[in-house]
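Architecture and fold: a report
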Amino acid sequence: MAFATAALLAGCGTTRPPAPPAPAPHRVELPTDTSLPPAAARALSQRFPYLHPIGHGSGHLQVDDADDLAVVLAPLGQSSDAIVAVLVTGAGGQWRVATTSKVVAPGCEPCTTTVDIARKILSVHVMRPSDPEFERVTYQFGYRDNDDALRLVGVTAAQPAGDDPIAHSYAITTNLLDGVKLDTLDATASDPSRRRELKSTVPLRPAVAFDAFAFAPQALAPELRRLPVSAFEPQDALPASAAALLRARFPGAIVQARSAGALRAEGARDLAVVLAPPPGADADTTLALLLAQPDGSLKLGATSGPLTRACRGCDVQVQIAHRALVVQTVASDSSGTHIVGYQFMATPKDKTGGLRLVGVRTVHASRSSGGDSHRYVNTANLVTGDKLDVVEDVARGHRNRVERASKVTVRPPILLAGFAFDPGKLDAETRRDFTP
């Protein structure tokens, strides 16, 4: 659900037509791969009588003059808890099983597994729907240094942009042979920023054999560790006039995040800057506005109250788009990921440069070890009092979404100047009191 005020009004202020009747239950056809070479199918049925093939890929994996075959096998009657078997041709052109994997994404019923072989690399692709970390993970295996053991050589992971106030698609590629890691943050329609990349290195692991690898993101924690969005902030310097204003008002402060755009008039380049205190200082992270003036200069505008006092260690993101300022905090703990987004806009009644809080949105997302997920989102419009609570669950491959519209008491205007970013101060607007 969009975070803009117009969407809030549309989401909470219109009458929805009655839901259509639920479709009649139908039997889900399980995928079965019937295009395997007959000799390979025989070899697999003899070795794995209680598994059925659901997909395969072929190509040159070990040598240039012989095809290898990778087959995804699942227990009879299901398509999850799959394994991957690698077959090679033997004497007389017969196929034999060379090696097999452990169970891929064990216990994750909605997960799907596919394979392909290209450029002497076996890729095992795992789709994990609604995973709050990565929905797509690809594990790459190859024969290295002319060894006869198939080993893990690389991993890639990707997460498409969600519907959070500041949404980005995120991808990671890590080479396990040299330790080079590349994190990529892609621009989205709501964030016109350029595509950003960060290179780093991770410690090299001892060789991980294909038949010993546990196919779970947790097995490669350093290689798949996501970076906070603030780490991707552009390194180019602020305009000299902006830097001088901030240096005078906030000596020693560190620019943690920033965004530029029109807040009051089209064509203006106002700046929103998140400022962290210098190391060791007894101070809070704050947000400062720098307002563009008609002569091209900048003027220091509103300064917020403490931004992370209620969320120590949070990653802070900021974005100016569609004449609105969105400030978002993201935190993760053992219970899941917590996101709070605050939207500020200037209204005709506000004084020049004054921004008021017009919307707040909270998200709590969690995932079980078996792949089930839970997501609770509530969005409140502080101008109209409209509130919408949404609960989305994925359990054993089945998605369920329920929502409830309600009203909260409209508060007097809350200005950005001096505002403390504490959802506890907005209890009615952020309370999760909806039980489906």
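Check the entry above for the structure.
So, about the overall build of the protein. When helices and strands are tallied, the protein shows four helices and 22 strands. Here the analysis covers contacts within the protein between residues at least 6 apart in sequence; of these, 45% occur between residues at least 24 apart. Roughly 21600 Å² of accessible area belongs to the protein as shown, and the carbon and sulfur atoms make up 54% of that amount.

This part takes up the sheet that holds strand E13 (residues 270-276). Paired through their backbone hydrogen bonds, the strands of a sheet run either parallel or antiparallel. Ordered by their spatial adjacency, four strands build an open sheet running E12-E13-E14-E15, and the pairing between neighbours is antiparallel. Edge strands, defined here as strands with exactly one partner in the open sheet, are strand E12 (254-261) and strand E15 (298-303). Here the strands of the sheet are splayed against their neighbours by 25 degrees on average, with no regard to which way each runs. Judged from the seven bridges that link them, E12 and E13 form a sheet pairing that is antiparallel. Bridge assignment links Ala 257 to a residue of E13, and that residue is Val 274.

In this section: the state of the cysteines. One pass over the structure, following the stated rule, counts two disulfides. One disulfide bridge connects Cys 311 with Cys 314, the sulfur atoms lying 1.3 Å from each other. In this pair, the class of Cys 311 matches that of Cys 314, namely buried. The connectivity of the disulfides in the protein is 1-2, 3-4, where the numbers refer to bonded cysteines in sequence order.

Okay, helix H2 (residues 38-47) next. The periodicity of an α-helix, 3.6 residues per turn, causes residues three or four places apart in sequence to face the same way. Residues of H2 that are buried include every one of Ala 39, Ala 40, Ala 43 and Leu 44, and no others. Buried residues of H2, seen end-on, are gathered within an arc of 135 degrees and therefore sit on one face of the element. Counted as exposed and oriented over 90 degrees from the buried face of H2: Pro 38 and Gln 46. Here the buried face of H2 lies against strand E2 (68-75), strand E3 (83-89) and strand E4 (95-100).

This part is about the nonpolar core. Formed by 37 residues in total, the largest nonpolar core has its most connected members in Leu 122, Tyr 139 and Phe 141. At the level of secondary structure, the elements contributing two or more residues to this core comprise E2, E3, strand E5 (112-118), strand E6 (121-127), strand E7 (136-143), strand E8 (150-159) and strand E9 (169-175).

As a further point, take the pattern of salt bridges. The full count for this structure, using the stated rule, is 11 salt bridges. The partner of Arg 375 in a salt bridge is Glu 392, and the shortest N-O contact between them spans 3.3 Å. Separated by 17 residues along the polypeptide, Arg 375 in strand E20 (residues 373-381) and Glu 392 in strand E21 (residues 386-395) bring together distant segments of the chain. A salt bridge links Arg 431 to Asp 427; its shortest N-O distance comes to 2.6 Å. A relative accessible area of 36% means that Arg 431 is categorised as partly exposed. The class for Asp 427 is partly exposed, based on a relative accessible area of 41%. Linked through salt bridges whose partners overlap, the residues forming this network are Arg 375, Glu 392, Arg 401 and Glu 403.

Moving on: the pairing of E20. Among the nine residues in E20, eight count as buried, and that is most of the element. Relative to E20, strand E19 (residues 356-367) runs antiparallel, the two being bridged by nine bridges. Counted as the bridge partner of Val 363 is Val 377 from E20. Taken together, the eight bridges between E20 and E21 define a ladder with antiparallel strand orientation. Bridge pairing in E21 links Arg 375 to Glu 392. Here E20 folds back onto E21, and the loop between the two strands holds four residues, one of which, Gly 385, carries a positive phi near 85 degrees.

A few words on the packing of aromatic side chains. Two aromatic rings are characterised by how far apart their centres lie and by the angle between their planes. As enumerated under the stated definition, the model contains 12 aromatic pairs in all. Aromatic side chains Phe 141 and Phe 210 sit 4.9 Å apart centroid to centroid with 85 degrees between the ring planes, which places their arrangement in the edge-to-face category. Placement of the pair is Phe 141 in strand E7 and Phe 210 in the loop between strand E11 (196-201) and helix H3 (240-249), with a sequence separation of 69 residues. Neither residue differs from the other here; Phe 141 and Phe 210 are each classed as buried. For the ring pair Phe 210 and Phe 215, a centre distance of 6.4 Å and an interplane angle of 80 degrees mean the geometry is edge-to-face. You can call Phe 210 buried: its relative accessible area is 1%. Phe 215 sits in the buried class, given a relative accessible area of 2%. Grouping aromatic residues by their ring pairs yields a cluster made of Tyr 139, Phe 141, Phe 210, Phe 213 and Phe 215. A cation over an aromatic ring shows up here: Arg 226 above the ring of Phe 134, its NZ or CZ 5.5 Å from the ring centre. Between Arg 226 and the ring centre of Tyr 170, over which it is positioned, the NZ or CZ distance is 4.4 Å.

Cut-offs applied
Residues numbered from 1 in each chain as written. Predicted model: local features only at pLDDT ≥ 70, side-chain atom pairs only at ≥ 80, totals over all residues. Heavy atoms only, no water. Helix = DSSP H or I, 4+ residues; strand = E, 2+ residues; numbered from the N terminus. Contact = heavy atoms within 4.5 Å. Areas by Shrake-Rupley, 256 points an atom, 1.4 Å probe, with all protein chains shown as cover. Pairing = 2+ DSSP bridges. Axes fitted to C-alpha atoms, helices over the stretch in contact; angles between N-to-C directions. Disulfide = S-S within 2.5 Å. Buried < 20%, exposed > 50% of the residue type's maximum accessible area, 1.4 Å probe, protein only. Arc of directions from axis to C-beta. Core = buried A, V, L, I, M, F, W, Y, C linked by side-chain atoms within 4.5 Å. Salt bridge = Lys/Arg side-chain N within 4 Å of Asp/Glu carboxyl O. Phe/Tyr/Trp six-rings, centres within 6.5 Å; stacked < 30°, edge-to-face > 60°. Lys NZ or Arg CZ within 6 Å of the ring centre and 35° of its normal.

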